[in-house]
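# Descriptive structure summary
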Amino acid sequence: MIARKKLPLFCLFVFAFACQKIAKPPDIAVQYEIAPQPPRAGTTTIDVRLTDKNGVPVGGARVDLEGNMSHAGMAPVNGEAKEIETGKYRGTLQLTMAGDWIVLVHIALPDGQKLQRQIEINGVR
Ligand SMILES: [Cu+2]
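Residues numbered from 1 in each chain as written. Predicted model: local features only at pLDDT ≥ 70, side-chain atom pairs only at ≥ 80, totals over all residues.

This part covers the overall build of the chain. A count of helices and strands for the chain gives one helix and seven strands. In the chain, the order of α-helices and β-strands from amino to carboxyl end is α-β-β-β-β-β-β-β. Out of the 125 residues in the chain, the part that is buried amounts to 18%. Looking at the chain alone, contacts between residues at least 24 apart form 56% of all its contacts between residues at least 6 apart. (Helix = DSSP H or I, 4+ residues; strand = E, 2+ residues; numbered from the N terminus. Buried ≥ 20, exposed ≤ 12 C-beta atoms within 10 Å, placed from the backbone. Contact = placed C-beta atoms within 7 Å.)

Quick look at the structure:
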């Protein structure tokens, strides 16, 4: 109980004085494939490949997709990318409108580390 109460203070201290170490992203390469090409409104398939610094596929992650348009006033579209082979995750998003989209890829690695990448899908027709 006492330890739990002290935790926020400790986090604040670490964040303030060592945030570069804490915030250093894991050494993971993230590659994408988007279909169809060229992109058009409707169901869009997004494949995400994760590899570690040695090029080994990273399985067992959770990958969530969040699509937003570049202009304000639209609800985001969401989808989960499922692992279809080790380190390869496939999800679909309904791109509900032509224009420029930004897809946020939220990745939770098996060890609990999180990272985020951004994919721009411009000129959806
Ligand atoms: Cu829009």
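Structure's up, so let's keep going.
The omega angle of the peptide bond from Ala 35 to Pro 36 is 0°, so this bond is cis rather than trans. Relative to the elements of secondary structure, Pro 36 occurs in the loop between strand S1 (29-35) and strand S2 (42-51). With an omega of -5°, the peptide bond running from Gln 37 to Pro 38 counts as cis. Among the secondary structure elements, Pro 38 is positioned in the loop between S1 and S2.

Moving on to the sheet that holds strand S7 (residues 114-124). Strands sit in the order S1-S2-S5-S4-S3-S6-S7 across an open sheet of seven strands; the sheet is antiparallel. The open sheet has two edge strands, S1 and S7, and neither has a second partner. Averaged over all pairs of adjacent strands, the angle between strand axes in this sheet comes to 25°, irrespective of strand direction. (Pairing = 2+ DSSP bridges. Axes fitted to C-alpha atoms, helices over the stretch in contact; angles between N-to-C directions.)

Before going further, it helps to spend a moment on the confidence of the model for the chain. Overall, the prediction assigns the chain a mean pLDDT of 86, with 80% of residues at 70 or greater. Per-residue pLDDT stays below 50 along residues 7-20; that stretch engages in two contacts with residues further than four places along the chain or on separate chains. (pLDDT = per-residue confidence, 0-100.)

Bringing the pairing of S1 into the picture now. Little of S1 is tucked away: zero of the seven residues are buried. Sheet analysis places S1 next to S2, joined by seven bridges and oriented antiparallel. In the sheet register, Val 30 faces S2, and the bridge partner there is Leu 50. Taking the residues between adjacent antiparallel strands as the criterion, S1 and S2 are bridged by six residues.

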